[in-house]
Amino acid sequence: MDKVMGGKRSYLAMKTDYAAANELITSDLKDVGNAVKKLANHAVKLGGLGFGTSFLKWVAAVAAIYLLILDRTNWKTNILTSLLIPYIFLSLPSWLFSLLRGEFGKWIALIAVVLRLFFPRHFPDWLELPGALILLLVVAPSFFADTIRGNIVGVFICLAIGCYLLQEHIRASGGFRNSFTKSNGISNSIGILLLFLYPVWALVLYLL
């Protein structure tokens, strides 16, 4: 009888241990599943933020180029558009920046310098600022091209350029109301406001 009771106790003990082990394994699997879900969610969020930053860099660069084009047409204003060159330098998307800073950009810079020096008649005035941009991209030290461009300092510089251009545009238009009501004022105002998208977004991400 004692042997039978001892066998039952051993069986119950083994069953209890087995159930406890199953619970531990199930709990561990749940923890792993939750960790994987969190990792996936964070990856999606970071990917979305990275895409947003890249997209806004494109918007900012296109807006700056748009303002340069306006400045060379009948929509010309008195704002200091040469500040758009360092803005484009700091906000240009990475792959395009690398392309223009490499051999491709060096060839363009060489052609621009040769035309400017030996064939000035074939080098129109509207190419002055684009030529300056190419030269800046090619010859800028790595401190500016790598450190400042990818740093919060570059973001603040872009933000400062946008603020300065906006206040200069409002003053040149004859007031805040005119800058958003006159036909030429609206076109420049939209372009300048678009300059704020990338630095403001980058600043928010930095603070978060």
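The structure displayed is predicted, hence computed values, not measured ones.

The rules behind each value
Residues numbered from 1 in each chain as written. Predicted model: local features only at pLDDT ≥ 70, side-chain atom pairs only at ≥ 80, totals over all residues. Heavy atoms only, no water. Helix = DSSP H or I, 4+ residues; strand = E, 2+ residues; numbered from the N terminus. Buried < 20%, exposed > 50% of the residue type's maximum accessible area, 1.4 Å probe, protein only. Contact = heavy atoms within 4.5 Å. Areas by Shrake-Rupley, 256 points an atom, 1.4 Å probe, with all protein chains shown as cover. Salt bridge = Lys/Arg side-chain N within 4 Å of Asp/Glu carboxyl O. UniProt positions renumbered as here; feature names shortened; annotations may be inferred. Axes fitted to C-alpha atoms, helices over the stretch in contact; angles between N-to-C directions. Parallel < 35°, antiparallel > 145°, perpendicular 65-115°, else oblique. Nonpolar A, V, L, I, M, F, W, Y, C, P; charged D, E, K, R; others polar.

Caption draft 1: The arrangement of the overall build of the protein in detail. Scanning the protein from terminus to terminus reveals 10 helices and zero strands. Order of helices (α) and strands (β) in the protein, N terminus to C terminus: α-α-α-α-α-α-α-α-α-α. Of all 208 residues assigned to the protein, the portion counted as buried reaches 32%. When contacts within the protein are restricted to residue pairs at least 6 apart in sequence, long-range pairs at least 24 apart make up 78% of them. About 13600 Å² of surface is accessible on the protein, with carbon and sulfur atoms providing 70% of the total.

Caption draft 2: Representation of the pattern of salt bridges. A complete count under the given rule lists three salt bridges for this structure. With a shortest N-O distance of 3.1 Å, R116 and E128 are connected by a salt bridge. Placement of the pair is R116 in helix α4 (residues 103-118) and E128 in helix α5 (residues 128-139), with a sequence separation of 12 residues. By relative accessible area, which is 33% here, E128 ends up partly exposed.

Caption draft 3: Molecular detail of the UniProt feature "transmembrane region" (unreviewed entry) in the protein. The sites that carry the UniProt feature "transmembrane region" (unreviewed entry) are, in the present numbering, residues 49-70, 77-98, 126-144, 150-166 and 186-207. End C-alpha to end C-alpha, residues 150-166 measures 24 Å, and it is 88% helix and 0% strand. Overall, residues 186-207 shows 91% helix and 0% strand. The separation of its end C-alpha atoms is 32 Å.

Caption draft 4: Main features of the packing of helix α3 (residues 94-101) against α5. At a minimum axis separation of 8 Å, α3 and α5 run at an interaxial angle of 90°. Classed by the angle they form, the pair α3 and α5 counts as roughly perpendicular. The segment α3 lies against α5, with F97, L100 and R101 engaging I134, L137 and V138. Looking at side-chain class alone, the contact of α3 with α5 contains five nonpolar, no polar and one charged residues.

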